[in-house]
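A structural walkthrough
Here is how the chains run, residue by residue.
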Amino acid sequence: MLDKAVSILNCFRSVGSSFRLTELSDRTGLPKATAHRLAADLVRLQLLERENNIYRLGGRLFELGSLVPRRHGLRETALPYLQDLYEATRETVHFGVREGRDVVYLERIHGHDRLPLPSRVGGRLPLSCTGVGKALLAFSSPELVDEVLGEDPLPRLTRYSTSDPVRLRTAIEQAHVSGLAYEEQEAALGVSCIAAPVFDGSGTAVAALSVAVPRARFRPAQLAPAVRTAALGLSRALRADSADRRPSAQRATLRTEEGQEGS
């Protein structure tokens, strides 16, 4: 029954989704009576809301989702650096992590003029179509890169999304060398993006941040320093957090070793 209840919740992955009971039944393949019973239970638990005959996600899900420890802590640490990046560029800023072959966005900061982007906080997009995704792929395992490049066909969000695996591999390799990933109109028409990976204390790329700009004013040479600075600052903060969480004896050993190196 839990699997069936989750299948109902999964119907609401698209932003702003709302459905009638018959639509939930059709989308899940559940008998209408079963869908009705489970939807009623989800409403009672505040995981869904019902208005007349329309169902939508409930506030309890937002409360629970915002408390996921790893993502909550990562987002809270990242926010000051994302805000600095926005202030430096006055352009839309994204912050995301990898989940499978997708980017899941933990934060998005934009000004009064919103770009027509498919990204949203809590939403997901293919790694191969986004700057954040390419930055993560550039510092992922060869096995994951091969898995993504092996998708046939490669996912596309616009007519400019890379459909050639050879071209995508070249872009990933270039991002690994430069530390910056680029995306031009691959996620949204008229929008370009520059992104950089964020590393934790173990040197693993745990996230990436980016700036998305209308193509007409996309100036990579001007944006790159701000993106690099934000990513490096956040990486240092994550390394410091990781060091603080180490056992005290291990921290003492590290300080001793650092002192010896300095002498």
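That block above? That's the structure.
Below you will find a few notes about this structure. Within any chain, residue numbers begin from 1 and follow the written order of that chain's sequence. Local features are withheld for residues below a pLDDT of 70 in this predicted model, meaning they are given only at 70 or higher, and side-chain atom pairs are given and counted only at 80 or more; totals for whole chains, interfaces and linings count all residues. To obtain the side-chain values, all non-hydrogen atoms of the structure were included, while hydrogens and water were left out.

A few words on the overall build of the chain. We count a stretch as a helix when DSSP gives it H or I for four or more residues in a row; a strand needs E for two or more, and each element gets its number in order from the N terminus. Of regular secondary structure, the chain possesses ten helices and nine strands. Each residue is placed in one exposure class: buried if its accessible area under a 1.4 Å probe, protein chains only, is under 20% of its type's maximum, exposed if it is over 50%, and partly exposed if it falls in between. The buried share of the chain, taken over its 263 residues, is 42%. For the chain, long-range pairs separated by at least 24 residues make up 56% of all intrachain contacts whose partners lie at least 6 apart in sequence. In short, Shrake-Rupley with a 1.4 Å probe defines the accessible areas, and a residue's cover is counted only from the protein chains shown. Summed over all atoms, the accessible surface of the chain reaches about 14,600 Å², with 50% contributed by carbon and sulfur. We call two residues in contact when some of their heavy atoms are within 4.5 Å.

The subject of this paragraph is the side chain of E91. Among the structural elements, E91 can be located in the loop between α5 (69–89) and β4 (92–99). Among the polar contacts listed, one links the side chain of E91 to the side chain of R217, at a separation of 2.7 Å. Setting aside its immediate chain neighbours within four residues, E91 contacts Y86, I109, V211, A212, V213, P214 and R217. Each polar contact in these results corresponds to two N or O atoms within 3.5 Å; when the atoms are within protein, one needs to be able to donate a hydrogen and the other to accept it, and residues that are neighboring in sequence are counted only if both atoms are side-chain atoms.

If DSSP finds at least two bridges between two strands, the strands pair. Pairing is antiparallel across the open sheet formed by three strands, whose spatial order is β1-β3-β2. Strand pairing shows two members of the sheet lacking a second neighbour, β1 (19–20) and β2 (48–51), which therefore form its edges. In the sheet, β1 pairs with strand β3 (residues 54–57) via two bridges, with the strands oriented antiparallel. When the bridges of β3 are listed, F19 appears paired with Y55. To obtain an axis, a line is fitted to C-alpha atoms, over the contacting stretch when the element is a helix, and the angle between two such axes runs from 0 to 180 degrees between their N-to-C directions. This element, helix α3 (residues 32–44), spans β2 and β3 of the sheet and lies at about 105° to β2.

We now examine the nonpolar core. Put simply, a nonpolar core is a bunch of buried Ala, Val, Leu, Ile, Met, Phe, Trp, Tyr and Cys residues held in one set by side-chain atoms that sit within 4.5 Å of each other. Counting 29 residues, the largest nonpolar core has F95 and L209 as the members making the most contacts within it. Among the elements that take part in this core, helix α9 (residues 220–245) stands out by supplying eight residues, more than any other. Formed by 20 residues, the second largest nonpolar core is a distinct cluster that contains Y105, A135, I172 and A175.

This part covers the sheet that holds strand β8 (residues 191–199). The strand order across the open sheet formed by six strands is β6-β5-β4-β9-β8-β7, and the pairing between neighbours is antiparallel. Here the strands that pair on one side only, and so sit at the sheet edges, are β6 (124–126) and β7 (181–184). On average, adjacent strands in this sheet sit at an angle of 30° to one another, irrespective of strand direction. As paired elements, β7 and β8 share four bridges and run antiparallel to each other. Along β8, the bridge assignment pairs E183 with C193. Sheet strands touched by helix α6 (residues 131–138): β4, β5 (102–109), β7, β8 and β9 (205–214). Its angle to β9, the strand with the most contacts, is close to 145°.

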